[in-house]
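The lines below spell out each chain.
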Amino acid sequence: MRMTMSPSPYDSALSELRSEIDSLDDRLLELMAHRFERVRRVGDLKQEAGTPAIRDPRREAELHDAWAKKAEERGLAPYLAGRILRELTNWSRRSQERSDSASPSSKRASTRVSFQGARHAHSDLAARKLFASRGGAELDAIPYANFAEAMAALERGEVDYALLPFENSLVGSVPEVGRLISKGACHIVDEEIWEVEHVVAVPPGLAMEDIVAVRSHPVALAQCRRFFEANPSIAVEEWFDTAGAAESIAAHPDGRRAALCSVEAARAHGLEVLVTGVGDRRRNLTRFLLMAREPETPAEGIPATTTLHLKLSHAKGSLHGLLGVFEGQGLNLSRIESRANPDRAFEYSFLIDIETRLDAPEMQGALNEARRHAVSIDILGTYPCRGERAGSPECPAALSDSLGAIARPKPEPASQGAVVPAEAKAVARDEMTTRRSVRVGGVEIGPDQFTLIAGPCAVESEAQLNATAEIVKARGAAILRGGAFKPRTSPHSFQGLRWEGVKLLKETSSRYDIPFVTEVIEPGDVERLAEEADMLQVGARNMQNFPLLRALGRVRTPVLLKRGMSATLDELLLATEYLFAGGNDQVVLCERGIRTFERSTRATLDVSAVPVLKEKCGLPVIVDPSHAAGRRDLVVPLALAAAAAGADGLIVEVHHRPEEALCDKDQALRSEDLDALVAGLQRIQT
Ligand code: PEP
Ligand code: MN
């Protein structure tokens, strides 16, 4: 007999809350629609008045600050709230940007755009994103089997635009698309940056253990190697497109196959999402170019990119001469790609992106001069820059932006006469003694940047890591630190969350848009960790762990090499030599205090290590005042001393609740201590 039970108090409370959340979401949508409508009216007003849609980064930054403050007052995480506003203002800005030339479809009911792949493919989704902000006629995105056909459809006038993937942050450029656009038959008129997220999707009811194969585009499969390593019984099946794979497995639900595709493709084909975030790397961004038969001029006042295709004469120094022309005009080249000439062996042409608009006087000046070095120059297009670039209101600016000119003594290039141990041959090579920077994620350490790395000693939980990331990001740290594998003096102390900690670091790093550094202690972990982290730390206890150094020499992820507690500076350079010998020269050196007879502090910070190391080699040198001090109250003065001595940055330990920290709680800075540190650094700014 079935009994009818009235819902439990828990169930009723839950459903009441859920329905409240649903109506709040409805209101949010309504408010967003309202806001966009007003923004469009502002755009119309500006157009009627003939005022260009000039970006005002200062006003945007003020808006973000005010919003972050209000969010905090309401108990919301200001950084996350800021990110939402940033998205909203991005879209608002785009919807005000009208191109000067009328779009070819302005008189038609729909805009036809060709793309490669099936419906709901990433190209299709990127087209929807781009045209939602371009406004105008309704989008009619038309799939084609390959890039050449998508482009040919444009050339024949069957479509108004073609949207093609030009490069991907993980796999680099798409050669076929480079070839098609460099023919110069069409023009680049816009771009879109699309964040690719892979999910494993299955016909409803299929469980993980039932899957015999996963089907997808080869590039997507290659980006999810870890998933296949963890599930060795699952076969890999290549398909022409991610969304096409989803469609095909939905058509044969009893095939026990899954698709690796976007959430949108899974939903569109009625599939269930079994695993999200399957990619090996966190940020997987594809940059698409929008091609048209006629050029379009980006609205005035908005950041733009100009793409050129150059053929150089075979003369010695012609590339060098050409690059000098752009540098001479103060122009920034954001991308350069060499392309082989299929008609002439070993002759190359170059695709170059320059961060300015074509009609800018310095660009015109550079083009006139560049003609002296080039056999031909084709202007492929000038179009709005959709990616984030310096000057866009990050939330907040990294400390290096405000401290670029910190009053650090600028050491001369490392002197070749400096006494470096004879065996440190690679470290002492001429090109290695010139000041170099090391790039971590998108962040530069040295020589002109002052970089703050901050975060907890150890990753303890999702809540702890997020709360601490919130604190450090809001105060201008450019890199997050956090140990997942902890090298503890005692085996009874907390040893770290291991791979679970790495997963949390990846998630937090992505949420707060901040690269991270984490310590590696086992040679066997190097390869995997090198793919997951932005930078790998070698702790003081491992500076002379030679198998570990050799393994790190074999990867290309930057290394933060800490000085051993009783290591001389020459020994630190010889440890660096192990990394160089393997081919990894992306090294940042770190002074973290040495063991002396003094007992008032945990270690003795050797400030002289900074200028001495800089004299001996060209690598960036940073300082860890936290492990040297061992006491919170000493961290700020030691940090300021390090900055004044010429350090290229700092790595400090921060905890949202130091008293609860599982590791190094006495030296962890609170948010207010970090405020004091940043204020101190600003005081010694020139
Ligand atoms: C750390 O940075 O968490 C650490 C263990 O530091 P060190 O190796 O300098 O002791
Ligand atoms: Mn520590």
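Below is a summary of the structure that appears in this document. (Residues numbered from 1 in each chain as written. Chains lettered and ligands numbered in written order. Predicted model: local features only at pLDDT ≥ 70, side-chain atom pairs only at ≥ 80, totals over all residues. Heavy atoms only, no water.)

### Here we look at the overall build of the protein
Across its full length, the protein holds 24 helices and 25 strands. Rg of the C-alpha trace for the protein: 27 Å, near the compact-globule value of 26 Å for 686 residues, within the 12% margin. Based on the C-alpha atoms only, the size of the protein along its principal axes is roughly 90 × 80 × 55 Å. By residue count, 50% of the 686 residues in the protein fall in the buried class. Counted over contacts in the protein with a minimum sequence separation of 6, partners at least 24 positions apart contribute 75%. For the protein, the accessible area works out to roughly 31,800 Å², and carbon and sulfur atoms hold 53% of it. (Helix = DSSP H or I, 4+ residues; strand = E, 2+ residues; numbered from the N terminus. Rg over C-alpha atoms; globule rule 2.2 N^0.38 Å. Buried < 20%, exposed > 50% of the residue type's maximum accessible area, 1.4 Å probe, protein only. Contact = heavy atoms within 4.5 Å. Areas by Shrake-Rupley, 256 points an atom, 1.4 Å probe, with all protein chains shown as cover.)

### With respect to the pairing of strand E7 (residues 213-216)
Here E7 shows no split at all, with Ala213 and Arg215 on one side and Val214 and Ser216 on the other all buried. Where E7 and strand E8 (residues 235-238) come together, 4 bridges link them in parallel fashion. Bridged to Ala213 within E8 is Ala235. In the sheet, E7 pairs with strand E9 (residues 257-261) via 3 bridges, with the strands oriented parallel. In the sheet register, Ala213 faces E9, and the bridge partner there is Arg257. (Pairing = 2+ DSSP bridges.)

### Examining the sheet that holds E9
The strand order across the open sheet formed by 5 strands is E8-E7-E9-E6-E10, and the pairing between neighbours is mixed. This sheet does not close on itself; its edge strands, each paired only once, are E8 and strand E10 (272-275). Averaged over all pairs of adjacent strands, the angle between strand axes in this sheet comes to 35°, irrespective of strand direction. The pairing of strand E6 (residues 199-202) with E9 spans 3 bridges and is classified as antiparallel. Counterpart to Ala201 in the pairing with E9 is Ala259. (Axes fitted to C-alpha atoms, helices over the stretch in contact; angles between N-to-C directions.)

### Notes on unusual backbone geometry
Residue Gly446 is joined to Pro447 through a cis peptide bond whose omega torsion reads -20°. One non-glycine residue, Arg256, adopts positive backbone phi at about 55°. Using a relative accessible area of 40% as the deciding quantity, one classes Arg256 as partly exposed. Backbone geometry at Arg498 places phi at a positive 55°, although glycine is not the residue there.

### Some words on the site of ligand 1
Looking at ligand 1, the residues that line it are Arg481, Lys486, Glu519, Gln537, Gly539, Ala540, Arg541, Lys562, Arg592, His627 and Glu653. Between Ala540 and ligand 1, the recorded distance is 2.7 Å, taken from a backbone N or O atom to an oxygen atom. Here an oxygen atom of ligand 1 and a side-chain polar atom of Arg541 are 2.9 Å apart. Surface burial for ligand 1 is 97%, taken as the share of its 290 Å² of free accessible area covered by protein chains. Split into classes, the residues belonging to the shell around ligand 1 amount to 1 nonpolar, 3 polar and 7 charged. (Near = heavy atom within 4 Å. Polar contact = N/O pair within 3.5 Å; in protein donor to acceptor, adjacent residues only side chain to side chain. Nonpolar A, V, L, I, M, F, W, Y, C, P; charged D, E, K, R; others polar.)

### What to know about the environment of Ser318
Within the fold, Ser318 resides in helix H11 (residues 318-328). Filtering out sequence-adjacent residues up to four positions away, Ser318 remains in contact with Leu312, Ser313 and His373.

### Examining a negative patch on the surface
The grouping of Asp22, Asp25, Asp26 and Glu30 at the surface amounts to a negative patch. Among the structural elements, Asp22 can be located in helix H1 (residues 9-49). Taking the relative accessible area as the measure of exposure, Asp22 reaches 48% and is therefore partly exposed. (Patch = residues over 30% accessible without salt bridge, like charges linked within 9 Å, V, L, I, M, F, W, Y side chains within 5 Å. Salt bridge = Lys/Arg side-chain N within 4 Å of Asp/Glu carboxyl O. Lys, Arg positive; Asp, Glu negative; His and termini not counted. Charge placed at Lys NZ, Arg CZ, Asp CG, Glu CD.)

### Observations concerning the layout of surface pockets
As a volume, the second largest pocket reaches approximately 940 Å³. Considering the residues around the second largest pocket, the lining is formed by 34 residues, among which Thr276, Gly277, Val278, Gly279 and Lys506 are closest to the centre. Listing elements by their share of the lining of the second largest pocket, those giving two or more residues are strand E5 (187-195), helix H8 (225-230), helix H10 (263-268), helix H17 (499-511) and helix H18 (526-532). Counting residues per element, the lining of the second largest pocket draws most heavily on H17, at 8 residues. (1 Å grid on protein atoms, 1.4 Å probe; cavity = no way out; pocket = protein on both sides within 12 Å on 5 of 7 lines; lining within 4 Å. Points joined across faces, edges and corners; volume = space filled by probe spheres on them.)

### Notes on the packing of aromatic side chains
The description of two aromatic rings rests on the distance between their centres and on the angle between their planes. Overall, the coordinates contain 4 aromatic pairs when judged by the stated rule. The lysine or arginine in question, Arg528, covers the ring of Trp499, its NZ or CZ lying 3.8 Å from the ring centre. (Phe/Tyr/Trp six-rings, centres within 6.5 Å; stacked < 30°, edge-to-face > 60°. Lys NZ or Arg CZ within 6 Å of the ring centre and 35° of its normal.)

### As for the side chain of Glu532
Relative to the elements of secondary structure, Glu532 occurs in helix H18. Among the polar contacts listed, one links the side chain of Glu532 to the side chain of Lys506, at a separation of 3.3 Å.

### Things to note about the nonpolar core
If you look at the biggest cluster of nonpolar residues, it comprises 72 residues, and the most contacted ones within it are Leu552, Leu561, Leu589, Leu650, Val652, Leu674 and Leu677. With residues near it in sequence (within four places) discarded, Leu552 still touches Val520, Val526, Leu536, Val538, Val559, Leu579 and Asn584. If you look at the next biggest cluster of nonpolar residues, it comprises 31 residues, including Ala121, Leu130, Phe131 and Ala292. (Core = buried A, V, L, I, M, F, W, Y, C linked by side-chain atoms within 4.5 Å.)

### Observations concerning a nonpolar patch on the surface
A cluster of nonpolar side chains, contributed by Leu170, Val171 and Val219, occupies part of the molecular surface with about 210 Å² of accessible area. When you line up the elements, Leu170 lands in the loop between strand E3 (161-168) and strand E4 (172-173). With relative accessibility at 33%, the residue Leu170 sits in the partly exposed group.

### Points about the state of the cysteines
Covalent bonding between the sulfur atoms of two cysteines is what defines a disulfide. Counting across every chain of the model gives 0 disulfides. Note on Cys663: no disulfide assigned, nearest cysteine sulfur contributed by Cys457 at a separation of 3.2 Å. A relative accessible area of 5% means that Cys663 is categorised as buried. (Disulfide = S-S within 2.5 Å.)

### Quick word on the environment of Trp499
Structurally, Trp499 can be placed in helix H17. Taking C-alpha positions, Trp499 is 30 Å from Ile594, a pair spaced 95 residues apart along the chain. With residues near it in sequence (within four places) discarded, Trp499 still touches Phe485, Asp525, Arg528 and Leu529.

### Section: H17
Relative to the 18 Å expected for 13 residues at 1.5 Å per residue, H17 spans 18 Å between its end C-alpha atoms, a close match to the ideal helical length. Residues of H17 that are buried include every one of Gly501, Val502, Leu504, Leu505, Lys506, Thr508 and Ser509, and no others. (Expected span 1.5 Å × (residues − 1).)

### Examining the pattern of salt bridges
Counted by the stated rule, this structure contains 41 salt bridges. Where salt bridges share partners, they join Glu167, Glu191, Arg287, Arg335, Glu337, Arg339 and Asp353 into one cluster.

### With respect to the environment of Pro218
Tracing the sequence through the fold places Pro218 in helix H7 (residues 218-222). Of the residues examined, Pro218 reaches a relative accessible area of 32% and is grouped as partly exposed. Remark: the alpha-carbon pair of Pro218 and Lys665, spanning 447 residues in sequence, is separated by 47 Å. Setting aside chain neighbours within four positions, we find Pro218 in contact with Glu238 and Trp239.

### With respect to the packing of helix H23 (residues 632-644) against helix H24 (residues 671-683)
Between H23 and H24, whose axes approach to 10 Å, the crossing angle comes to 20°. Here H24 runs roughly parallel to H23, going by the angle between their axes. With respect to the hand of their crossing, H23 and H24 are arranged in right-handed fashion. Between H23, through Arg632, Val636, Ala639, Leu640 and Ala643, and H24, the contact on the second element is made entirely by Asp673, Ala676, Leu677, Gly680 and Leu681. Among the residues forming the contact of H23 with H24, the class breakdown is 7 nonpolar, 1 polar and 2 charged. (Parallel < 35°, antiparallel > 145°, perpendicular 65-115°, else oblique. Left-handed = near helix turned anticlockwise from the far one by under 90°.)

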